[in-house]
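A structural walkthrough
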Amino acid sequence: MCGIVGAIAERNVTAILVEGLKRLEYRGYDSAGVTLLDNHGRLERRRRLGKVSELAHALQEQPLAGKLGIAHTRWATHGAPSEANAHPHFSGEQVAVVHNGIIENHEVLRERLIGLGYVFTSQTDTEVIAHLLHHTLKELPDIADALKATVKQLHGAYGLAAICMAQPDRLVAARSGSPLVIGLGLGENFLASDQLALRQVTDRFVYLEEGDIAEIRRESVQIWDASGAVVQRENVQYHEGAEAADKGIYRHFMLKEIHEQPKVVQRTLEGRLGQNQVLVQAFGPQAAELFAKVRNVQIVACGTSYHAGMVARYWLEELASIPCQVEVASEFRYRKVMVQPDTLFVSISQSGETADTLAALRNAKQMGYLGSLAICNVGISSLVRESDLTLLTQAGPEIGVASTKAFTTQLVALMLLTLSLGQVHGTLAPAQEALLVEELRRLPVRLGEALAMDTTVEHISELFAEKHHTLFLGRGAQFPVAMEGALKLKEISYIHAEAYPAGELKHGPLALVDSDMPVVTVAPNNELLEKLKSNLQEVRARGGELIVFADAEANFTDEVGVHVVAMPHIIDALAPILYTVPLQLLSYYVAVLRGTDVDQPRNLAKSVTVE
Ligand code: F6R
């Protein structure tokens, strides 16, 4: 994904900008560039296709120096990866802009600007912003005023930074749908899309909020909110290691990562949602064209990632009317697969290095699939490098062996895929897409509500402390959620756990049910609820103890042998994401009670790079 770094100082900032870009490399990108306002007052830039090291090399051969600059790593959305499409983009060599996100109305604006005499040198949506800002500066010579007027004309998502030859004492930035953070120094200030990029120069940060515009000078920072009012944003001191390498206030990485889910789901959505639609270009510049040809989807993954794929199958068929098959990679790679025409091959992986998933992708490339899409958490992984399209989950490093935040962000990414395919094919009504986009925006808050049930789930976990076997039940898209719940429990507590579609109970597993076998169920309030209730009666009649995570309006009552945990209400399509949370918490607390090594369970490794 794209990354932004900016700096204004009394010293040459070139090395700071390049180091910042290097720190953002993990996000994945295809080209990099930097612009400095040089000592002669000119905007100079270097851009290179490929790695930041290529850019650094170019800067060694043809050095640039300046006290004000912006830099960018680009992950192509509009226009192929190329030097001409790499940022920063110029207008008249007077204005330079870097941008993360997608400008939805770029075509209309481009036509208008061409009419005004602007000449475009790239295929990007970003160049539109540079020319628009340049044009606005003629009327409003102050760059902050000009930026405020410019962003009013942009539809879509952006985090952007601009500098201007005529105003060498400031850097301006705007945030809407794509994050930006200001780094505070002494007599120097910085900007980045992720504070990671600036840890080399400061530990004090100010996070811009949605709709904010900022003017950053050497000695001061001014911020306006969406209404144009001057605002003060909190100044946050960063403690080294607070993000990834440190458990912070949590006892285990797993618990920390479970609690990070609202934040990382928010990050996974950032820059990918328009007003009422998913921005299809978030999947890459060729995505819309490729998606239009897709008639089937084949998903391949392992473990938890496979469970995410199983949920997506329900979504793709129900919401986008696209037939979908899902298979574990270790089976897929050795099976003679009959490839349906126009099938998109989708691999899902946290690490992007899982041997079976990678081998399945490599085989698939010889098998006549329409194209390949990787849904992955690591931008520089083999899976990403070798796939035609990528959508990165923004879960950040996952340290606990048991996957938690990677799973929920994969589900979010797969929902974005579903909505994109439905949109491109016209199989999903625009009103329904708008509703789902709205609900996706609310999802981080819902996840926060589910996490607030932490203590309730901790109490429930006591029921499992002495047990040896459990059953997890779900129906529809909640069946894979039950599978994921069972996998989590067995992985870290070593209790034997099996998941079944609830309707299968009487076809065999009911024989196992007795008072020593707790049965966990996820029960959102949907059309399968009544059927699920009858299945649960079958369990109660055999003396089985029930733990039901149910919608507050699903009319379950706590009674002897039935423990009901009321879940926040959520639209059915997104329920699998929400109902995953209490199951993660349950397995965590059971493992803690049993005294196992939660973050590094026996026999398991985080990234399975062998077959
Ligand atoms: C379970 C877990 C594993 C992984 C699986 C695939 O908690 O973490 O089942 O999901 O090994 O790994 P990735 O997603 O890296 O391909």
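This text follows the structure it describes.
What this report covers is the structure whose coordinates are included nearby.

What counts and what doesn't
Residues numbered from 1 in each chain as written. Predicted model: local features only at pLDDT ≥ 70, side-chain atom pairs only at ≥ 80, totals over all residues. Heavy atoms only, no water. Phe/Tyr/Trp six-rings, centres within 6.5 Å; stacked < 30°, edge-to-face > 60°. Buried < 20%, exposed > 50% of the residue type's maximum accessible area, 1.4 Å probe, protein only. Lys NZ or Arg CZ within 6 Å of the ring centre and 35° of its normal. Salt bridge = Lys/Arg side-chain N within 4 Å of Asp/Glu carboxyl O. Helix = DSSP H or I, 4+ residues; strand = E, 2+ residues; numbered from the N terminus. Axes fitted to C-alpha atoms, helices over the stretch in contact; angles between N-to-C directions. Parallel < 35°, antiparallel > 145°, perpendicular 65-115°, else oblique. Contact = heavy atoms within 4.5 Å. Nonpolar A, V, L, I, M, F, W, Y, C, P; charged D, E, K, R; others polar. 1 Å grid on protein atoms, 1.4 Å probe; cavity = no way out; pocket = protein on both sides within 12 Å on 5 of 7 lines; lining within 4 Å. Points joined across faces, edges and corners; volume = space filled by probe spheres on them. Pairing = 2+ DSSP bridges. Left-handed = near helix turned anticlockwise from the far one by under 90°. Near = heavy atom within 4 Å. Polar contact = N/O pair within 3.5 Å; in protein donor to acceptor, adjacent residues only side chain to side chain. Areas by Shrake-Rupley, 256 points an atom, 1.4 Å probe, with all protein chains shown as cover.

Let's shift gears to the packing of aromatic side chains. Between two aromatic rings, the relevant description is the distance of the centres plus the angle of the planes. A complete count under the given rule lists four aromatic pairs for this structure. When the centroid spacing of 5.0 Å and the interplanar angle of 75° are considered together, the rings of Y588 and Y589 count as edge-to-face. Neither Y588 nor Y589 differs from the other in exposure class; each is buried. Through a chain of ring-to-ring contacts, three or more aromatic side chains come together here, namely F332, F345 and Y369. Here R45 stacks its cationic end above the ring of F90, 4.1 Å away from the centre of that ring. A cation over an aromatic ring shows up here: K148 above the ring of W224, its NZ or CZ 3.7 Å from the ring centre.

Under the criterion given, the structure shown has 31 salt bridges. Residues E188 and R11 are paired through a salt bridge, measuring 2.6 Å at the closest nitrogen-oxygen approach. Note that E188 is positioned in the loop between strand 9 (181-184) and strand 10 (189-192) and R11 in the loop between strand 1 (3-8) and helix 1 (14-23), a separation of 177 residues in sequence. A residue is classified by how much of its surface remains accessible, and E188, at 13% relative accessible area, is buried. A salt bridge links D356 to R333; its shortest N-O distance comes to 2.6 Å. On the criterion of sequence distance, the pair formed by D356 in helix 11 (residues 355-364) and R333 in the loop between helix 10 (329-332) and strand 18 (343-349) is long-range, its members being 23 residues apart. Each of the two residues, D356 as well as R333, counts as buried. Salt bridges sharing partners connect three or more residues here, namely D142, D169, R170, E215 and R217.

With that settled, the discussion passes to the packing of helix 13 (residues 405-425) against helix 18 (residues 575-594). Closest axis-to-axis distance for the helix 13/helix 18 pair is 10 Å, and the angle between their directions is 175°. In terms of orientation, helix 13 and helix 18 fall into the roughly antiparallel class. Residues F407, T408, L411 and V412 of helix 13 form the contact with helix 18, whose participating residues are P576, I577, T580 and Q584. In terms of residue class, the contact of helix 13 with helix 18 is built from five nonpolar, three polar and no charged.

Let us look at empty space enclosed by the protein. In this structure the tally under the stated criterion is two cavities of 30 Å³ or more. As a volume, the largest cavity reaches approximately 80 Å³. C2, R74, W75, T77, H78, H87, H99, G101, T124, D125 and T126 together form the lining of the largest cavity. Across the lining of the largest cavity, the residue classes break down as two nonpolar, seven polar and two charged. By volume, the second largest cavity is sized at about 40 Å³. The wall of the second largest cavity is formed by R475, Q478, V522, A523, P524, N526, L528, L529 and L532.

Overall, parallel pairing links the five strands, which are arranged 17-16-18-19-20 in an open sheet. Across the chains shown, the open sheet's two edge strands, defined by having one partner strand only, are strand 17 (324-328) and strand 20 (389-392). Going across the sheet, the axis of each strand differs from the next one's by a mean of 20°, ignoring polarity. In this structure, strand 19 (residues 371-376) lies alongside strand 20, joined through four bridges in parallel fashion. Paired with I375 across the bridge in strand 20 is L391. Across the sheet, helix 11 touches strand 16 (296-301), strand 18 and strand 19, and the angle it forms with strand 18 is around 165°. Helix 13 rests against strand 16, strand 18, strand 19 and strand 20 of the sheet, and its axis sits at about 165° to strand 18.

Looking now at the sheet that holds strand 8 (residues 171-176). Taking strand neighbours across the sheet as the criterion, the seven strands line up as 5-6-7-8-12-13-14 in an open arrangement whose pairing is antiparallel. Looking at strand neighbours, the two that pair on one side only are strand 5 (89-91) and strand 14 (230-231), the edges of this open sheet. Across the sheet, helix 4 (residues 126-139) touches strand 5, strand 6 (95-103) and strand 7 (156-164), and the angle it forms with strand 6 is around 130°. Most of the contacts of helix 5 (residues 143-151) go to strand 8, to which it runs at about 25°, and overall it touches strand 7, strand 8, strand 12 (213-216) and strand 13 (221-224).

The next thing to look at is the packing of helix 1 against helix 2 (residues 52-61). Contact geometry for helix 1 and helix 2: axes closest at 10 Å, N-to-C directions at 165°. With respect to helix 2, the element helix 1 is oriented roughly antiparallel. Read as a crossing pair, helix 1 and helix 2 show a hand that is left-handed. Every residue of helix 2 that contacts helix 1 at T14, V18, L21 and K22 is listed here: V52, L55, A56 and L59. For the contact of helix 1 with helix 2, a count of residues per class yields six nonpolar, one polar and one charged.

A separate point is the site of the ligand. The ligand sits among 15 residues. The nearest are S305, S349, Q350, S351 and T354. Within the contact set of the ligand, an oxygen atom lies 2.6 Å away from a side-chain nitrogen or oxygen of S349. Contact between the ligand and V401: an oxygen atom at 3.4 Å from a main-chain N or O atom of the residue. The fraction of the free accessible surface of the ligand (410 Å²) that becomes covered by protein chains is 90%. In terms of residue class, the shell around the ligand is made up of five nonpolar, eight polar and two charged.

Moving on, we come to the side chain of T470. Take T470: it is sitting in strand 21 (residues 469-474). Assessed through its relative accessible area of 1%, T470 is described here as buried. In contact with T470, not counting residues within four places along its chain, are F464, L489, I495, H496, A497, E498, M517 and P518.

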